[in-house]
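The primary structure of each chain is shown beneath.
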Amino acid sequence: MTTTTDPAGERLRRWRLVLGGDAADGTGCALSGRDAAMDGALSALYGKGDRPQGQGGRERSAGLGASAPSVARWLGDIRTYFPSSVVQVMQRDAIDRLGLSTLLLEPEMLEAVEADVHLVGTLLSLNKVMPETTRETARAVVRKVVEDLERRLAARTRATLTGALDRSARTGRPRHHDIDWNRTIAANLKHYLPEHRTVVPERLVGYGRASQSVKKEVVLCIDQSGSMAASVVHASVFGAVLASMRSISTRLVVFDTAVVDLTDQLDDPVDVLFGTQLGGGTDINRALAYCQSQITRPAETVVVLISDLYEGGIRDEMLKRVAAMKASGVQFVALLALSDEGAPAYDREHAAALAGLGAPAFACTPDLFPEVMAAAIEKRPLPIPDAA
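This section reports on the structure supplied with the text. Position numbers for residues start from 1 in each chain and track the written sequence from start to end. Since the coordinates come from a predicted model, pLDDT governs what is reported: local features require at least 70, and pairs of side-chain atoms require 80 or more to be given and counted, while whole-chain, interface and lining totals use all residues. Excluding hydrogens and water, the side-chain values take into account all heavy atoms of the structure.

### So, the pairing of strand E8 (residues 361-364)
Part 1: Strands pair, by our definition, only if DSSP identifies at least two bridges between them. Counting from the N terminus, the helices are the DSSP runs of H or I reaching at least four residues and the strands are the DSSP runs of E reaching at least two. Both strand E7 (residues 331-338) and E8 contribute to a ladder of 4 bridges, which runs parallel. Within E8, the residue paired with Ala 337 across the bridge is Ala 363.
Part 2: Handedness of a crossover: with both strands directed away from the viewer, a clockwise path from the first strand across the helix to the second marks it as right-handed. With helix H13 (residues 348-356) bridging E7 and its parallel neighbour E8, the resulting β-α-β unit is right-handed.

### Overview of the packing of aromatic side chains
Part 1: Each Phe, Tyr or Trp ring (for Trp, its six-membered ring) is paired with any other whose centre lies within 6.5 Å, and the angle between the two planes then decides the class: stacked below 30 degrees, edge-to-face above 60, tilted in between. As enumerated under the stated definition, the model contains 1 aromatic pair in all.
Part 2: On the numbers, 4.5 Å between centres and 45° between planes, the contact of Phe 238 with Phe 369 is tilted. Here Phe 369 lies in helix H14 (residues 369-378) and Phe 238 lies in helix H9 (residues 229-243), a separation of 131 residues in the sequence.
Part 3: Note on exposure labels: buried denotes an accessible area under 20% of the residue type's maximum, exposed denotes more than 50%, and partly exposed covers the range between, all computed with a 1.4 Å probe on protein chains only. Accessibility expressed as a relative area gives 0% for Phe 238, which makes it buried.
Part 4: Here Phe 369 falls in the buried class, since its relative accessible area comes to 2%.

### A short note on a nonpolar patch on the surface
Part 1: The residues that make up patches have over 30% relative accessible area and no salt bridge, and they are joined within 9 Å when like-charged or within 5 Å when they are Val, Leu, Ile, Met, Phe, Trp or Tyr. For the accessible areas, the method is Shrake-Rupley and the probe is 1.4 Å, while residue cover comes only from the protein chains on display. Each salt bridge in this description consists of a side-chain nitrogen of Lys or Arg and a carboxyl oxygen of Asp or Glu lying within 4 Å of one another. Taken together, the side chains of Trp 15, Val 18 and Leu 19 present a nonpolar region at the surface, about 310 Å² in accessible area.
Part 2: Following the sequence through the fold, Val 18 ends up in helix H1 (residues 7-19).

### Considerations on the environment of Ile 295
Part 1: Relative to the helices and strands, Ile 295 resides in the loop between helix H11 (284-293) and strand E6 (301-306).
Part 2: Through-space distance from the C-alpha of Ile 295 to that of Met 325 is 9.2 Å; in sequence the pair is 30 residues apart.
Part 3: Any two residues having at least one pair of non-hydrogen atoms within 4.5 Å are treated as being in contact. Discounting chain neighbours no more than four positions away, the residues touching Ile 295 are Thr 301, Val 303, Met 325 and Val 330.

### Section: the pairing of E6
Part 1: With respect to burial, E6 is a largely interior element, 6 of its 6 residues being buried.
Part 2: Burial of E6 is two-sided: the residues Thr 301, Val 303 and Leu 305 facing one way and the residues Val 302, Val 304 and Ile 306 facing the other way are all buried.
Part 3: Bridge count for strand E3 (residues 216-223) against E6 is 6 bridges, and the pairing is parallel. When the bridges of E6 are listed, Glu 217 appears paired with Thr 301.
Part 4: Summarising the sheet, E6 and E7 pair through 5 bridges and their orientation is parallel. Paired with Ile 306 across the bridge in E7 is Leu 335.
Part 5: The parallel pair E6 and E7, bridged by helix H12 (residues 315-327), forms a crossover whose chirality is right-handed.

### Some thoughts on the sheet that holds E6
By definition, the strands of a sheet pair up through backbone hydrogen bonds, in either a parallel or an antiparallel sense.
Part 1: Ordered by their spatial adjacency, 6 strands build an open sheet running E5-E4-E3-E6-E7-E8, and the pairing between neighbours is mixed. At either end of the open sheet lies a strand with only one pairing partner, and these are strand E5 (259-261) and E8. Each neighbouring strand pair of the sheet contributes to a mean axis angle of 25°, computed without reference to strand direction.
Part 2: One ladder, built from 3 bridges, connects strand E4 (residues 248-255) with E5; its direction is antiparallel. In the sheet register, Val 254 faces E5, and the bridge partner there is Val 260. Fitting a line to C-alpha atoms yields each axis, with helices limited to the stretch in contact; the angle taken between N-to-C directions then spans 0 to 180 degrees.

### Quick look at empty space enclosed by the protein
Part 1: Lining residues are those with an atom within 4 Å of a point, where the points come from a 1 Å grid over the protein atoms alone and group into cavities, where a 1.4 Å probe fits but cannot get out, or pockets, open sets with protein on both sides within 12 Å along at least five of seven lines. Grid points are joined across faces, edges and corners, and a volume is the space filled by probe spheres set on the points. Overall, the coordinates contain 1 cavity of 30 Å³ or more when judged by the stated rule.
Part 2: Of the volumes computed, that of the largest cavity is approximately 80 Å³.
Part 3: Among the secondary structure elements, those contributing two or more residues to the lining of the largest cavity are helix H3 (68-81) and helix H4 (84-98).
Part 4: Taken together, the residues of the lining of the largest cavity sort by class into 10 nonpolar, 1 polar and no charged. Classification used: nonpolar for Ala, Val, Leu, Ile, Met, Phe, Trp, Tyr, Cys and Pro, charged for Asp, Glu, Lys and Arg, polar for all others including Gly.

### Section: helix H2 (residues 33-46)
Part 1: Any helix carries an expected span of 1.5 Å times its number of residues minus one. End to end, H2 covers 20 Å across 14 residues, agreeing with the expected 20 Å (1.5 Å per residue, within 8%).
Part 2: Considered for burial, the residues of H2 that qualify are Asp 35, Met 38, Asp 39, Ala 41, Leu 42, Ser 43, Ala 44 and Leu 45.

### Considering the state of the cysteines
Every disulfide links exactly two cysteines, by a covalent bond between their sulfur atoms.
Part 1: Count a disulfide wherever a pair of cysteine sulfur atoms falls within 2.5 Å. Evaluation of the coordinates by the stated rule reveals 0 disulfides.
Part 2: A disulfide-free cysteine, Cys 291 has its sulfur positioned 3.7 Å from the sulfur of Cys 221, the nearest such atom.
Part 3: By relative accessible area, Cys 291 is classed as buried at 0%.

### As for the pattern of salt bridges
Part 1: Counting across every chain of the model gives 16 salt bridges.
Part 2: Where Arg 151 meets Asp 148, a salt bridge forms, and the shortest distance between an N and an O atom there is 2.2 Å. Of the two residues, Arg 151 and Asp 148 both sit in helix H7 (residues 132-168), 3 residues apart, roughly one turn of that helix.
Part 3: For Asp 148, a relative accessible area of 34% corresponds to the partly exposed category.
Part 4: Between Asp 367 and Arg 152 there is a salt bridge, with the nearest N and O atoms lying 2.9 Å from each other. Of this pair, Asp 367 sits in the loop between E8 and H14 while Arg 152 sits in helix H7, and the two are 215 residues apart along the sequence.
Part 5: Look at Arg 152 and you get partly exposed, because its relative accessible area is 40%.
Part 6: Salt bridges here are not isolated pairs; linked through shared partners, they connect Lys 144, Asp 148 and Arg 151.

Have a look at this one:
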């Protein structure tokens, strides 16, 4: 990127790139070389139609058009001029603003894009119309994103939940190295001896020793409506991680107006993702009815509903099912989103109704999810973000 040692000139150059160079931009700054090429890449996406006709100035550019080669060249340009995080935002804007989704059905296009969670969501929404010539390339793109997420999230998730599982299986006759000293001291404070300044424990509290038996049942119930795309991707990855832990029996269910159990595909989250069908209506009540029918050990079960709560089914029945599950001993977690996208849109009336049942609904980032699951497994208060 061209830079100048003159602070005022550098400010003008940056404003010129932001404003787009029409006569009315007021900078009087001309671009050349790399700056001109960068401006062209920005203009192709953000310039077309920025100003209504007849109000002075001109349209900033003619856009990318419908040509796959021109779009592929543009994708190469933005990867040259901008960092990966900016490229991902520009790709997303190009798909939304210029209607490029159909071009993603061409293998050459997929090979040129910067893969991220949002691109995966777009590909999954196109899954049913994707030609066979594109499908393998699309799976490769999705697999790259999934593997990147697993590398980032898997180790911490396993470590956090293994500790939670051990703590949830406490014993009153622990071996020395299994004693939970903090809880032991708290349980024996009434036996404090002031003259010796110590506690004489009459009851030891210990961690249960890890075993190969199943300790907890986890049911992930995922809304696959179009707005939940990023949540579906993250939940599928977490589902595969949980399924790899012998002490947890994991079930993964996706739904719109129909319910699909993808548990038998959990060994490969890419298969799970291509088994979803983003879009369509929402019937949370039907999905929860199916999940409820699969519960055999309610006191040892955690049900995680991931949905924006826009219910198309029977609202009162949905709430009754949640109440019944909680009354039976199920730990019920309601997540409005499982993504890094910030505050989601959601049905506030349904969220308030769930909170009234003792199941507050909140948005959760992928980094927070292991802590949420650990709290649910240990049956302690959930770490709800302040903004929830």
